[in-house]
Amino acid sequence: MTDRNEQPVAGLLLAAGGGRRLGGRPKALLEHRGRPLVEHAVAVLRAAGCTRVHVVLGAGADAVRERAELPGCVLVDNPHWEQGMGTSLRAGLDSLAGTTARAALVSLVDQPGIGPEAVARVLAAHQGESSLVSAAYDGVRGHPVLLGAAHWAGIAATATGDRGARAYLKAHEQEITFVECGDVARAFDIDTEADLVHLE
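None of these values were measured; they are calculated from a predicted model.

S.K.: Looking at this model, I keep getting lost on the confidence of the model for the chain. Mind explaining?
M.R.: Parts of the model with low pLDDT should not have their predicted coordinates read in detail. Looking at the chain as a whole, its pLDDT mean stands at 92, while 97% of the residues score no less than 70. Low pLDDT, under 50, characterises residues 1-5; the stretch is placed with five contacts to residues that sit more than four places away or in other chains.

Structure representation (structure tokens):
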């Protein structure tokens, strides 16, 4: 049995969004099955096999700390969250520097239709620190994505606005292992009031 913090792949949950199109409600605190969405997302990463989980907070960070139960998680503040998801990805990858993690399994707090089965499939495709793995839905790249440590500097350099790792992944498409998850997950986002129907 290895030490729980020595697992080579860390879960990295991006949960800083302010829900601009949801009337400014922080996405992490939207309620799903009676608990904040951020708790659900962490539970999915844990159930899939990620023992180390870093959670990037931004909008309503103090309220998230107060209301969400996130034991054992490393909570990372992103003071620049309003500039887009790229800043959260950079903050999260920075927080993993100096840990034993050699890859980050990145998931988004506002995708409750993606459960442990899909995350576990992506995790299972990890080969080492040069790995790039992406879930695919009917052949279209989506989340979660697994980013080996060899790519972190390049991703951080290109992660701007709401693009996250998109530009880097597009430039390195030949290196990505795609894992079809459309049969076990639904890749919708909770972005607008109309999307709230997906919450239970």
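S.K.: Please clarify how the pattern of salt bridges should be interpreted in this entry.
M.R.: This model, assessed by the stated rule, comprises nine salt bridges. A salt bridge links Arg35 to Glu69; the shortest N-O distance between them is 3.7 Å. Remark: Glu69 occurs in the loop between helix H2 (61-67) and strand S5 (74-77) and Arg35 occurs in strand S3 (residues 35-36); sequence separation between them is 34 residues. Of the residues examined, Arg35 reaches a relative accessible area of 36% and is grouped as partly exposed. In the salt-bridge network here, residues are joined through shared partners; they are Lys27, Asp110 and Asp191.

S.K.: Would you mind going over the pairing of strand S6 (residues 103-108) with me for this structure?
M.R.: Consecutive side chains along a regular strand alternate between the two faces of the sheet. Taken across its six residues, S6 has six buried, putting it largely inside the fold. Sheet topology places strand S1 (residues 9-15) next to S6; six bridges connect them, and they run parallel. Considered in S6, the bridge of Leu13 is made with Ser107. Two elements, S6 and strand S8 (residues 140-148), share four bridges in a ladder whose sense is antiparallel. Counterpart to Ala104 in the pairing with S8 is Leu147.

S.K.: For this particular structure, what's the right way to read the side chain of Ser88?
M.R.: Along the chain, Ser88 turns up in helix H3 (residues 85-96). Among residues more than four places away in sequence, those in contact with Ser88 are Leu14, Ala16, Val56 and Asn78.

What counts, and where the lines are drawn
Residues numbered from 1 in each chain as written. Predicted model: local features only at pLDDT ≥ 70, side-chain atom pairs only at ≥ 80, totals over all residues. Heavy atoms only, no water. pLDDT = per-residue confidence, 0-100. Contact = heavy atoms within 4.5 Å. Salt bridge = Lys/Arg side-chain N within 4 Å of Asp/Glu carboxyl O. Helix = DSSP H or I, 4+ residues; strand = E, 2+ residues; numbered from the N terminus. Buried < 20%, exposed > 50% of the residue type's maximum accessible area, 1.4 Å probe, protein only. Pairing = 2+ DSSP bridges.

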